[in-house]
Amino acid sequence: MHSIIIFASGAGSNAQAIINYLKQHPIGKVSLIVCNKPNAGVLDIAAVENIPTLIIDKTSFNDTTFITTLAQHQPSLIVLAGFLWKIPGGVVQFFSNKIINIHPSLLPKYGGKNMYGQRVHQAVIAANEKTSGITIHYVNEVYDEGEIIVQAHCSVRADDTPETLSQRIHQLEHFYFPRTLHFLLEHYKS
Ligand code: GRF
């Protein structure tokens, strides 16, 4: 059984989708949820699902004991699902090719440091795009620039608001993220 660590600091709907999927397809188990917001919704999910959590701050995040703690879980994958801090270089190197992120646009468009959450959808609508989507990619040391694994598209409608577009994007995420994880774990080489 593969061990998966999720980093999330938001509502956690993607974390929930992954947890639910793994109940139906028990190829792996979420062994830890790492979070930098003590009041994040994902922590309520972790409590209900009985998954251990680790709350981090900027100092502990860059500490070498952080890598040791993660390594104790022997993760096959570290999954960023709504996690905004840049992953320290030491962590990226230690878990090279094991960290993946989901971004709510078709990268390289609408990516980078300040492009997250509703800002992405606002920018997509303001640019009059007809199509948006999601990108699942490996994490390297530059925001949103690691190798792309999968992209999925959806339409942007004339009457879309950032909220309605965000809902459509979340549906894509909840479908593709767990299935991409499944694919990667099936083809996993340690
Ligand atoms: C998702 O839209 C994801 O693409 C982005 O952050 C959001 C997290 O949403 N990285 P949730 O917390 O999983 O609901």
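Residues numbered from 1 in each chain as written. Predicted model: local features only at pLDDT ≥ 70, side-chain atom pairs only at ≥ 80, totals over all residues. Heavy atoms only, no water.

### Points about the site of the ligand
Point 1. By nearness alone, every residue bordering the ligand is listed as G10, A11, G12, S13, N14, G82, I102, H103, P104, H170 and E173.
Point 2. The contact in question runs from an oxygen atom of the ligand to an N or O atom on the side chain of H170, over 3.2 Å.
Point 3. E173 places a polar side-chain atom, nitrogen or oxygen, 2.3 Å from an oxygen atom of the ligand.
Point 4. Bound to the protein, the ligand loses 85% of the 370 Å² it would expose on its own. (Near = heavy atom within 4 Å. Polar contact = N/O pair within 3.5 Å; in protein donor to acceptor, adjacent residues only side chain to side chain. Areas by Shrake-Rupley, 256 points an atom, 1.4 Å probe, with all protein chains shown as cover.)

### Side note on unusual backbone geometry
Point 1. Cis peptide bonds are those with omega within 30 degrees of zero, and the linkage from L107 to P108 qualifies with 15°.
Point 2. When you line up the elements, P108 lands in the loop between β5 (99-103) and α6 (118-126).
Point 3. Despite not being glycine, Q74 shows a phi value in the positive range, around 45°.
Point 4. Of note in the backbone geometry, N97 takes a positive phi value of approximately 65° without being a glycine.
Point 5. The residue N97 is located in the loop between α5 (89-94) and β5 in this model. (Helix = DSSP H or I, 4+ residues; strand = E, 2+ residues; numbered from the N terminus.)

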